[in-house]
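Here are the chains, one letter per residue:
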Amino acid sequence: MKIAVVGTGYVGLVTGTCFSETGNQVVCVDVNEEKIKGLQNGVMPIYEPGLDVLFNRNVEEGRLKFTTSLKEGIEGAETIFLALPTPPGEDGSADLKYILKVADDLGKLMTQYAVIVDKSTVPVGTAELVSAAISRNATVDFDVVSNPEFLREGVAVEDFMKPDRVVVGTGSERAKKVMERLYAPLVRQGNPIIFMDERSAEMTKYAANAFLAMKITFMNEIANLCEKTGANVDHIRRGIGTDSRIGKRFLFAGIGYGGSCFPKDVQALAKTSADYAYDFRLLNAVMEVNKDQKRKLLPHLLAYFGGDLKDKTIAVWGLAFKPYTDDIREAPALENIRELLDLGAKVTAYDPEGMPNTKALLPGVTYCHTAYAALDDADALMIFTEWPQFRTPEFEKVSALLKNKVIFDGRNLYEPEHMKELGFAYFSIGRETVS
Ligand SMILES: NC(=O)C1=CN([C@@H]2O[C@H](COP(=O)(O)OP(=O)(O)OC[C@H]3O[C@@H](n4cnc5c(N)ncnc54)[C@H](O)[C@@H]3O)[C@@H](O)[C@H]2O)C=CC1
Ligand SMILES: O=C(O)[C@H]1O[C@H](OP(=O)(O)OP(=O)(O)OC[C@H]2O[C@@H](n3ccc(=O)[nH]c3=O)[C@H](O)[C@@H]2O)[C@H](O)[C@@H](O)[C@@H]1O
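- The name that an unreviewed UniProt entry assigns to the chain is UDP-glucose 6-dehydrogenase, with the source organism given as Ravibacter arvi.
- Under the heading Pathway (unreviewed entry), UniProt records this for the chain: "Nucleotide-sugar biosynthesis; UDP-alpha-D-glucuronate biosynthesis; UDP-alpha-D-glucuronate from UDP-alpha-D-glucose: step 1/1."

**What to know about the overall build of the chain**
Here is step 1 of the chain: Each helix and strand in the chain was counted, giving 18 helices and 14 strands.
Here is step 2 of the chain: Its C-alpha radius of gyration of 24 Å places the chain within 12% of the 22 Å reference for a compact globule of 435 residues.
Here is step 3 of the chain: Each principal axis of the C-alpha distribution contributes one length, and for the chain these read about 70 × 50 × 40 Å.
Here is step 4 of the chain: Expressed as a percentage of the 435 residues in the chain, the buried residues total 46%.
Here is step 5 of the chain: Look at the contacts in the chain between residues 6 or more apart in sequence, and 72% of them connect residues 24 or more apart.

**So, the site of ligand 1**
Here is step 1 of the chain: Within the structure, ligand 1 sits among 26 residues, and Gly7, Gly9, Val11, Ser120 and Thr121 are positioned closest to it.
Here is step 2 of the chain: Elements represented by at least two residues in the shell around ligand 1 include exactly helix H1 (10-21) and helix H5 (97-109).
Here is step 3 of the chain: Classifying every residue of the shell around ligand 1 gives 12 nonpolar, 9 polar and 5 charged.

**A look at the pairing of strand E5 (residues 114-118)**
Here is step 1 of the chain: Across the 5 residues of E5, 5 count as buried, placing the element largely inside the fold.
Here is step 2 of the chain: Taking every second residue as pointing to the same face, both faces of E5 are buried, with Ala114, Ile116 and Asp118 on one and Val115 and Val117 on the other.
Here is step 3 of the chain: Direction of pairing for strand E4 (residues 79-82) relative to E5: parallel, over a ladder of 4 bridges. Opposite leucine 82, over in E5, you have aspartate 118 as the bridge partner.
Here is step 4 of the chain: Examined bridge by bridge, E5 and strand E6 (residues 142-146) share 5 bridges and lie parallel to one another. Paired with alanine 114 across the two strands is phenylalanine 142, which belongs to E6.
Here is step 5 of the chain: What joins E5 to E6 is helix H6 (residues 126-135), and the crossover it makes is right-handed.

**Considering the sheet that holds strand E13 (residues 406-409)**
Here is step 1 of the chain: Taken in spatial order, the 6 strands make up an open sheet running E11-E10-E9-E12-E13-E14, and their pairing is parallel. Looking at which strands have only one partner, the edges of the open sheet turn out to be strand E11 (366-367) and strand E14 (425-427).
Here is step 2 of the chain: Sheet analysis places strand E9 (residues 313-317) next to strand E12 (residues 380-383), joined by 4 bridges and oriented parallel. Its bridge partner lying in E12, tryptophan 317 is registered against isoleucine 383.

**A few points about the domain arrangement of the chain**
Here is step 1 of the chain: As assigned here, the chain comprises domain 1 (2-196), domain 2 (205-293) and domain 3 (298-427).
Here is step 2 of the chain: Between domain 2 and domain 3, the C-alpha centre-to-centre distance is 24 Å.
Here is step 3 of the chain: Every contact between the two is made by 9 residues of domain 2 and, on the other side, 11 residues of domain 3.
Here is step 4 of the chain: For the side of domain 2 that touches domain 3, the class distribution of residues is 3 nonpolar, 5 polar and 1 charged.

**Some details on the site of ligand 2**
Here is step 1 of the chain: Neighbouring residues of ligand 2: 20 residues in total, closest Glu153, Phe252, Tyr257, Gly259 and Cys261.
Here is step 2 of the chain: The greatest single-element share of the shell around ligand 2, amounting to 3 residues, is contributed by helix H9 (residues 198-229).
Here is step 3 of the chain: Here the shell around ligand 2 is built from residues that sort into 11 nonpolar, 5 polar and 4 charged.
Here is step 4 of the chain: Each of domain 1 (2-196) and domain 2 (205-293) contributes no fewer than three residues to the shell around ligand 2.

**Things to note about the nonpolar core**
Here is step 1 of the chain: Counting 121 residues, the largest nonpolar core has Ala4, Val6, Ile80, Ile116, Val316, Ala374 and Leu381 as its most contacted members.
Here is step 2 of the chain: Looking at this core element by element, the count peaks at 10 residues for H9.
Here is step 3 of the chain: In contact with valine 6, other than residues within four places in its own chain, are Val29, Leu70, Ile80, Phe81, Leu82, Ala83, Leu84 and Val102.

**Some remarks on H9**
Here is step 1 of the chain: The first and last C-alpha atoms of H9 sit 47 Å apart over 32 residues, in line with the 46 Å expected at 1.5 Å per residue.
Here is step 2 of the chain: At the exit of H9 stands glycine 230, carrying a positive phi of roughly 85°.

**Notes on the environment of isoleucine 99**
Here is step 1 of the chain: Turning to its location among the elements, isoleucine 99 is positioned in helix H5.
Here is step 2 of the chain: A sequence separation of 62 residues divides isoleucine 99 from lysine 37, and the C-alpha atoms of the two residues are 23 Å apart.
Here is step 3 of the chain: If near-sequence neighbours (up to four positions away) are discounted, isoleucine 99 is found in contact with Leu82, Leu84, Thr86, Ser120, Val122, Thr126 and Val130.

**Brief notes about the pairing of strand E2 (residues 25-29)**
Consecutive residues of a regular strand have side chains that alternate between opposite faces of the sheet.
Here is step 1 of the chain: Within E2, 4 of the 5 residues are buried, which leaves the element mostly enclosed by the surrounding structure.
Here is step 2 of the chain: For the crossover that starts at strand E1 (residues 2-6), traverses H1 and ends in the parallel E2, the hand is right-handed.
Here is step 3 of the chain: Judged from the 4 bridges that link them, E2 and strand E3 (residues 64-67) form a sheet pairing that is parallel. Counterpart to valine 29 in the pairing with E3 is threonine 67.

What counts, and where the lines are drawn
- Position labels on residues start from 1 in each chain and follow its written sequence.
- Chains carry letters from A onward and ligands carry numbers from 1 onward, assigned in written order.
- Given that the model is predicted, a residue must reach a pLDDT of at least 70 before its local features are reported, and side-chain atom pairs must reach 80 or more before they are shown or counted; all residues, however, enter totals for whole chains, interfaces and linings.
- UniProt positions are given in the numbering used here, feature names are shortened, and annotations may be inferred rather than shown by experiment.
- Helix and strand assignments come from DSSP, with helices taken as H or I runs of at least 4 residues and strands as E runs of at least 2, each series counted from the N terminus.
- In this description the radius of gyration comes from C-alpha coordinates, and the expected globular size is given by 2.2 Å times residues to the power 0.38.
- Comment: burial labels come from other C-beta atoms within 10 Å of the residue's own C-beta, placed from the backbone, where a count of 20 or more is buried, 12 or fewer is exposed, and between is partly exposed.
- Two residues qualify as a contact pair if the distance between their C-beta atoms, derived from the backbone, is within 7 Å.
- Nearness between a residue and a molecule or strand is assessed with a C-beta atom placed from the backbone; a distance within 6 Å qualifies.
- When residues are grouped by polarity, Ala, Val, Leu, Ile, Met, Phe, Trp, Tyr, Cys and Pro land in nonpolar, Asp, Glu, Lys and Arg in charged, and all others, Gly among them, in polar.
- Two strands are counted as paired when DSSP detects at least two bridges linking them.
- A clockwise course of the path from the first strand over the helix to the second, judged with the strands pointing away from the viewer, identifies a crossover as right-handed.
- Marked domain ranges trace back to an automatic or database domain assignment.
- For the purposes of this analysis, a nonpolar core is taken to be any set of buried Ala, Val, Leu, Ile, Met, Phe, Trp, Tyr and Cys residues that are connected through C-beta atoms within 7 Å.
- Under the convention used throughout, the expected extent of a helix is 1.5 Å for every residue step, that is, one less than its residue count.

Structure follows, in structure tokens:
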């Protein structure tokens, strides 16, 4: 099948690359000329484990191509995926300007029947808006389908190639057949392709992200209560996660959820609720709790240094919003670093992949080549991302490099008991403080 993917961000690149891997001819389109030039020269603009191998193979074998021309990209394409940004608008709703602009262009450019597949995360009713925008100028038949994407950054290839499920919203039998054919190699793993109407598919995506954000937030609130009552959130996680009705995943308490999607999607769903005059109280609570959670370690840090961080150097391990990605959008580390700098502290930082992106936003930080280099002569260590190499550091080296043996850990990487034995002061989330 010939496929066009419009937008070569995270989702566009993974979608295009994975569909070329299953034997389709894919052309990816983007308005960013520099990005397209790089992709044409084999430069992968994001760090995503495993994606480069598939990318190189399919580019070499001629199944994966890149262009800035929408007209050229969609020529002969049976499906046209929209993997465009839907950032929060001023009122918190998803901004549809990128999607509707491309829909308008498609109406003018399409010369044959195509299925327009909305892969971006968009509010209920968007398929109808896209359809109307195309219809204004279209001279050919088309269907608009909602096909939300559930991949996680860092494990995107695995999530795309072996999805738990594929959700497709369409009322068209013709489009349904096209989508079945396209996804057949992926759902052969035994997982379902679930067909429904467009509005339900659009809502399914928001419900999934909001539910996961709520699950994490619930555990963060339990963690906060654990700190007050002397219970240990790790035990609670194991104690409830083994109940198959609850499930083991997404129960890790920490420094709050970040990333390009949970914060924006929870906010957008709250806005949809407000638009329909429904007060979705749970969502508002999730956003409020997460805002506070991201700043959870700062009061402990300030108290440790008697309320004054001037002339203190704080080492930071982890900038990306989670491991195995260079994505720093809404990362808890960034908000904390800004606050540290405002309070007069110096910051030294290390992240295996997140430093190039952070440098542009926070030039006042000293970026180091290794995790240990960031500790050299620092007054304290703060941890914001659970990269595996931070899990088992050489603690002797850590204590030799730090001026004070103190760690503020937003990801619960170490056992409080062990830290006590090693003589560290140790602040984590929802567990005993070692001081
Ligand atoms: N990043 C993620 O892990 C996931 C994102 N999503 C959703 O997928 C959508 C896309 O997200 P990302 O890939 O992260 O976006 P992104 O912001 O990384 O990339 C979007 C790309 O679209 C391009 N673009 C903008 N206007 C264009 C136009 N008129 N024609 C062609 N290209 C254009 C931009 O230059 C950019 O390269 C969003 O709705 C997001 O919520 C869904 C699941 C996972
Ligand atoms: O719509 C999207 O863009 C995607 O959003 C999330 O994926 P992603 O943002 O890549 O990352 P997650 O692994 O979900 O983590 C999100 C945040 O929650 C935090 N988290 C996650 C799990 C957990 O137990 N505790 C916790 O604090 C992470 O540290 C991170 O800051 C969803 O998991 C994907 O299914 C969805 O497709």
